[in-house]
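Topology and contacts: notes
Residues per chain are reported as follows:
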Amino acid sequence: MNITNNSVEVLLVEDNSRDAELTMRTLARRKLANDIIRLHDGQEALDWLRAEGAYANRDRSRKPKVILLDLKLPKVSGLEVLRAIRDDERLRLLPVVVMTSSREESDVIESYQLGVNGYIVKPVDFENFSEAVASAGHYWLLVNQEPR
Amino acid sequence: MSFAMPLPQSISAPTAVFAATARAWHLGRFPSLAILGAVGILLVLYGLAYRGSRDSGTTIEVTLRNYAVMRLLEQLQNAVDEAHLDMRGYLLTGDAAYRQAWSRKTAEIDRKLTLLAATLPSDHGDWLEMLRTKIAARIAWSTESVRVHDAEGPAASAARVASGRGEALSREIRSAIEANLERHYARIQVQLASSRQSAALVSLLLPLGTGVSLATLAGSMLLLNRTAERQLRAEAQLRQLNSGLEDHVRARTAQLEAANRELEAFSYSVSHDLRAPLRGISGFVTILEEDYGPRLDAEGRRVLDIIARDTKRMGQLIDDLLAFSRLKRQSLESGRIDMARLAEEVWLEITGQHTGTVPRFQLGELPAAQGDRATLRQVWMNLLSNAVKFTSGTPDPVVTVSGATNAGRHTYRVQDNGVGFDPRFTSKLFGVFSRLHSEDEFEGTGVGLAIVQRIVHRHGGDVNAESQPGCGATFAFSLPAQAGPLS
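Residues numbered from 1 in each chain as written. Chains lettered and ligands numbered in written order. Predicted model: local features only at pLDDT ≥ 70, side-chain atom pairs only at ≥ 80, totals over all residues. Heavy atoms only, no water.

What follows covers helix 9 (residues 373–390) of chain B. Along an α-helix, a turn takes 3.6 residues, which lines up residues three or four apart on a common side. The terminal C-alpha atoms of helix 9 of chain B, which comprises 18 residues, lie 26 Å apart, in line with the 26 Å expected from a rise of 1.5 Å per residue. Of the residues making up helix 9 of chain B, those classed as buried are Thr375, Leu376, Val379, Trp380, Asn382, Leu383, Leu384, Asn386, Ala387, Val388 and Phe390 of chain B. (Helix = DSSP H or I, 4+ residues; strand = E, 2+ residues; numbered from the N terminus. Expected span 1.5 Å × (residues − 1). Buried < 20%, exposed > 50% of the residue type's maximum accessible area, 1.4 Å probe, protein only.)

In structure tokens, the structure reads:
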């Protein structure tokens, strides 16, 4: 895992370290992303995005190509983070893809209502999981054109 | 109604009829006995009244009859007396007028006797004979006195008179007539006495009977009223209970629904919490395989493989269990479904991904069903994939799908010529996680058929299965033809 200060490709907001490790491993192995920043909870995510708190001094010009957002986060939940992102003028256009174990219809609907760009349910077994991460990563990092 | 002792034949039959009628009219024991009593008393009173009026008639008739006879007897007596006086007159004066009068009187006596003969009851016959004889004797005596008078002069006839024989005869006649008069008078008295007795009885029993009858009727009215009141109270109680029951049912339903929701939320969160570590296990096993695989020997790799496979299986179990529990909370929609097309669709989907031999598919005509498309699709999916799975070892696998409509139900059959199952365990077939084959023989979690049964039952239908080991199996499910409420 490399975290360079010059570019950020993926902002991974995931509280489960194993899931985070598997995600980052897949993205690295498939050569989809080299620059992944992993954050542990909703508050940390907001702090980073707004360059506040612990991240007050980060370089604000760095924007992630995609934010992979888990919903079940401590402190501030994924949906609340999503809402905050969409409410913030500076952050509104960032592509956000929810990656969660929740298949609940209500979560899906609310996410889309808040303006999420994609919703992925984490598959149970690793094979499918890494496939999902790979294809999502491929699309959002290589195919998709992000706003600058 | 029952009686403690056996009744003689002639009473038991009507009693049985009466009892049956009382039962049919919903009369209790006491009211029916009371009514029976009242009717009986009324009949008795009627009998008394009838007898009373009949007695009156008899009395009048008897009295008039006897009175007529008595009058006749008196007239006879008068005639006899007058004849006697006329005779006396003639004998004393010799006046022919007296003699003529006497002749007329004897004729009248004769007439009266004839009338008497016709009017007297038959048991007076002897008496009448006796009277006739006496009267004849008296007339004969008088006739002789007249002859003596005419022939020998008044002195001779006076001597006859003085002898008193004529007197004696007259007295006998008188006492005979009086005796008979007495008899007739006595007869009237007897009749009157009996009549008076009758009247006394009636005047006693009539008010008494009427009183008892009224009392009985009043009593039965009271009893019937009480019965009616009891019934009204029972009805009121029933209404109360019913409304109470409805409230109870509502409360219970709310309780059950709440419990259901809790259970579903629980099973959902459990399955989610169970999934996450599984992902971790399978992921890191893969990492092991990818990164350290070359450093492991065959045994090490085999062990990793086992771990990976079991993890996958556990994931499947969790998914199946979750799907099964979700069936309860899903709401079903009802629409018309082309079952043949659906079955074919599902078959193509299954066999599209199937790696082994694809069994021959024989699809017959299927009646259209009324139900929820998504879940019925699941039913076909499970049944057909089972058929494919369990014919995987059969040389010439065939799967036949057929349908029929019978007595308001549509029945659909999936038949295969695969391994079949032991029919002794048919009842276990549809249980959750219940399997009749081992994991080594055929993969599967044993929830598929439980899901099928659940879905079909929610549609108001039935499932069953038949098989013989080695001879394939037939699974059938039926749905009501009419769209009923989907639970």
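A word on unusual backbone geometry. Residues and elements named next belong to chain A. One non-glycine residue, Lys31, adopts positive backbone phi at about 60 degrees. Topologically, Lys31 is positioned in the loop between helix 1 (17–29) and strand 2 (36–39). Lys31 sits in the exposed class, given a relative accessible area of 69%.

Among the nonpolar cores identified, the biggest contains 39 residues, and Met339, Trp380, Leu384, Phe475 and Phe477 of chain B are the most heavily contacted of them. Going through the elements one at a time, helix 7 (298–329), helix 8 (339–352), helix 9, strand 4 (398–406), strand 5 (409–416), helix 10 (448–458), strand 6 (462–467) and strand 7 (473–480) of chain B are the ones with two or more residues in this core. Not counting residues within four places of it along the chain, the set of residues in contact with Met339 of chain B comprises Leu366, Pro367, Ala369, Leu376, Trp380, Tyr412, Phe477 and Leu479 of chain B. Leu39, Ala45, Trp48 and Val116 of chain A belong to the second-largest nonpolar core, a separate cluster that totals 27 residues. (Core = buried A, V, L, I, M, F, W, Y, C linked by side-chain atoms within 4.5 Å. Contact = heavy atoms within 4.5 Å.)

Our next topic: the pattern of salt bridges. Applying the stated criterion to the full structure yields 29 salt bridges over all chains. A salt bridge links Arg279 of chain B to Asp19 of chain A; the shortest N-O distance between them is 3.1 Å. Of this pair, Arg279 of chain B sits in helix 6 (residues 165–292) while Asp19 of chain A sits in helix 1, on two different chains. Classification of Arg279 of chain B by relative accessible area gives buried; the value is 1%. You can call Asp19 of chain A buried: its relative accessible area is 2%. (Salt bridge = Lys/Arg side-chain N within 4 Å of Asp/Glu carboxyl O.)

Turning our eyes to something else, we now look at the environment of Cys471 of chain B. Inspection of the secondary structure puts Cys471 of chain B in the loop between strand 6 and strand 7. Setting aside residues up to four positions removed in sequence, Cys471 of chain B forms contacts with Asp416, Gly418 and Val419 of chain B.

Buried accessible area, meaning the area lost when the parts come together, often serves as the stated size of an interface. Residue-level contacts link 17 residues of chain A with 18 residues of chain B. Summing both partners gives a buried area of about 1600 Å² for chain A against chain B, and 53% of it is carried by carbon and sulfur. If you sort the residues of chain A by the area they bury against chain B, Arg25, Val124 and Phe126 of chain A come out on top, with a joint share of 36%. Linking chain A to chain B there are five salt bridges. Notably, a salt bridge pairs Arg25 of chain A with Glu290 of chain B, separated by 3.1 Å at the nearest N-O pair. Linking chain A to chain B there are seven residue pairs in polar contact (both at pLDDT 80 or more). Residue assignment for the side of chain A that touches chain B shows that the elements contributing at least two residues are helix 1 and helix 5 (126–143) of chain A. With six residues, helix 1 of chain A is the largest single contributor of residues to the side of chain A that touches chain B. (Buried area = accessible area lost by both parts, 1.4 Å probe. Polar contact = N/O pair within 3.5 Å; in protein donor to acceptor, adjacent residues only side chain to side chain.)

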